[in-house]
Amino acid sequence: MVYLPLPDQASASKPSYAEAYANILKAHRQSPLTSAASVIILVAPDVDALCASRMLADLLKQDDVMYRIIPVSGVSELEKVRDELAMVSELHTLILLNMGAILDLPSEEWFGGFSTQMSVHVIDSARPQNLSSLFGGGEAGDRIVVWDDGSADKLEQERKAWEALTYEPLPDSDDEDSDLDSDEEPIRDDDDEEEYEQTTGKRRSLGEGDRSSGKRQRVDRERPRRMTRDDYDMYSARLEKHYMGGTWHGQSAAGTIYILATILERVDNELLWLAILGLTFQYTTSRISRDTYDIYHSAFRDEVFRLNPPPPTGENAMLSMNPDDLSVRATDELRFMLFRHWTLYDAMLHSGYVAGKLGIWKERGRKRLTGLLAKMGFSLLQTQQPYSHMDLDLKKTLVQKLNDVAPLYGLVELAYPSFIRCFGYRSQPLSAADAVEGISALLDVAEGIKLEVEVEGARNGGEWFGGGKIWEATSSMRDNSRRKREERGEYSTRITKLRESLTLSMTVHRKIIDQGTSIIDRRDIRTMRNHRVVILTQGRASRPLLASRETAITTRSKRKSLPFVVACLNESTQSYLVVGVMAALDFGDVRKNEFGLAFLDAKERCNARTRHGSFDTSVLEINQEDLKVFLETLCEGADA
């Protein structure tokens, strides 16, 4: 059993992150076979894991530790990588970033059969965690090191239930009969009595009489207590609640690495910015609630003021002060998509929060948006100019006018506390939310989607004149997708490439809103018992991240909160990508996603051919012919 608590909860018996990192360095320096394959980092395809891998790589470089980073898209690819790593003799440290928390890693199915000299470090924000990885003992269990955020200490009852079901004898179906039989005195012959005496190591004198009953009681006390049927049912119910209560997220992987850097006294603005991006990604994708976000934001805000000079005020608040200004500043962020790089109208139109509140899927909702801007005193022509070209007076009064007028349209808390980073004179400062959107867009289309990306200056006054360029990943890019994803970590600091990705992100969100509007117009949303279901046979949402975005935004088009399922056809594989969300209607309203177990239950009952292409259990790939029966089984099971 090895799980690492937070540093402030560490003790001699419970080492924390610094001790685990020291063990990695020790194993690397003592290994007779040292190479880049000695330390391998497996990275999930999300912004948080990407930032955490960059942070960890920087720490390892400072300690002269060679390493190798391998992007892993999902469980299926992880199985292939596991088989490849089994043949690497010099491997002594394997680090899993945002993957593996739910898997039974000590088992032979995963890493239980690997060399006893190898350790597996799990840094995963996904919950729930597998109890075998957290509390398992023995050589296999001790080699699994889970970097925890304090949640494991709250699983005391789950731990007792897991230990009882794992180590204690299970109840026998013949318990009642055995209890009745135990009242009768067993008949022993001489041979049995002699064997019993030799086993106990004692000889009975002739004057002791018959004391076999007392000896039998001592032996019974030494036997492990067999749990009762009631205990078994209670423990099983507790574990079932732990695993089937839905999925949620804890501390970001980037935040965990930042705590490690703080203990090692190596924090700087680069690591701080990457940790902020990991936290912002969790919040903007509704993986954590607003309350949880505020707790971590407060800690990072203190770090910003500790590591950076006082920020300028007034008109210079959003400007770099010198060519080498790489400072991070605290600021408020509007819930408008990329509004500093887009037009104000488009930023509001393509915001999931605004779209859901105003109902922009229909013409009436778009008129409400136009009316909101008019009541604020903004003309349509001004709001359809690039934000950087808007009148300075309008930009100064934007937040105040939003606070005065937006609540009349149901738009409250349009701003939330966030951060921006300066990049000298190479670029305007970039907000954390914008950086996350750019990196997410690159990950969304990593394996090839044909999109027409609008070029700057091609649009004016809200009219489309056809100026654009085609963004398409060729087959050679797909063949080298793993290598490309390894290189993509550079985008977090290469501001030029990151700014180029913002245009791609705008195109992605435009397609998502267009698809959502089309769904509403065609009335493709069907109600099946207690679910809402949409089946898309055309469109580009055949990637997990794209499909998840599509589902989350379309969910807000309905007022009644029902679980929402979207199935997107992938013609190249003749399969559907199925995504399920729990229909949280408000931004920041986070609910545990129960679709992971619901998908598994439906699959077993209808024998559908499925596979998990990502680490998100609420995303499932299913054979095209099996979709209908799968959805019917899924909805019937939930209704029952």
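The residue numbering used here restarts from 1 in each chain and proceeds along that chain's sequence as written. The predicted nature of this model means local features are confined to residues of pLDDT at least 70 and side-chain atom pairs, given and counted, to a pLDDT of 80 or more, with totals for whole chains, interfaces and linings taken over all residues. Calculation of side-chain values draws on the structure's entire complement of heavy atoms; hydrogens and water are dropped beforehand.

- Where an unreviewed UniProt entry is consulted, the protein appears under the name Cell division control protein 45, with the organism given as Favolaschia claudopus.
- UniProt positions are given in the numbering used here, feature names are shortened, and annotations may be inferred rather than shown by experiment. The protein has a UniProt comment under Sequence similarities (unreviewed entry) that states "Belongs to the CDC45 family."
- One UniProt comment on the protein, placed under Subcellular location (unreviewed entry), says "Nucleus".

A word on the packing of aromatic side chains
Then step 1. Only the six-membered ring of Trp is used, alongside the rings of Phe and Tyr, when aromatic pairs are assigned; centres must lie within 6.5 Å, and planes under 30 degrees apart are stacked while those over 60 apart are edge-to-face, with the rest tilted. As enumerated under the stated definition, the model contains eleven aromatic pairs in all.
Then step 2. Residues Trp-162 and Tyr-167 carry aromatic rings whose centres are separated by 5.7 Å and whose planes lie at 85° to one another, so their mutual orientation is edge-to-face.
Then step 3. Each residue's exposure class comes from its accessible area (1.4 Å probe, protein chains only) as a fraction of the maximum for that residue type: buried when under 20%, exposed when over 50%, partly exposed otherwise. According to the relative accessible area criterion, Trp-162 is buried, its value standing at 9%.
Then step 4. Look at Tyr-167 and you get exposed, because its relative accessible area is 53%.
Then step 5. Plain terms: the ring middles of Tyr-283 and Tyr-293 are 4.4 Å apart, the flat faces sit at 20° to each other, and that makes the pair stacked. One end of the pair, Tyr-283, is in helix α12 (residues 269–284); the other, Tyr-293, is in helix α13 (residues 290–307), with ten residues separating them in the sequence.
Then step 6. Overall, Tyr-293 belongs to the buried group, its relative accessible area being 0%.
Then step 7. Joined through ring pairs, the aromatic side chains of Trp-110, Phe-111 and Phe-114 make up one cluster.
Then step 8. Here, over-ring charges are defined by two tests on the NZ atom of lysine or the CZ atom of arginine: distance to the ring centre within 6 Å, and angle to the ring normal within 35 degrees. Over the face of the ring belonging to Tyr-387 we find Lys-395, whose NZ or CZ atom lies 5.4 Å from the ring centre. Secondary structure is summarised from DSSP: a helix means a run of H or I of at least four residues, a strand means a run of E of at least two, and numbering begins at the N terminus for each.

A look at the sheet that holds strand β18 (residues 564–570)
Sheet strands line up and pair through hydrogen bonds in the backbone, either parallel or antiparallel.
Then step 1. Pairing within the open sheet is mixed, and its six strands lie in the order β16-β17-β18-β19-β21-β20. The open sheet is flanked by β16 (526–528) and β20 (610–611), the only strands paired with a single partner.
Then step 2. The sheet contact formed by strand β17 (residues 531–536) and β18 spans five bridges and is parallel. For Arg-532, the partnering residue across the bridge sits in β18 and is Phe-564. In this scheme, strands are said to pair when DSSP sees at least two bridges between them.

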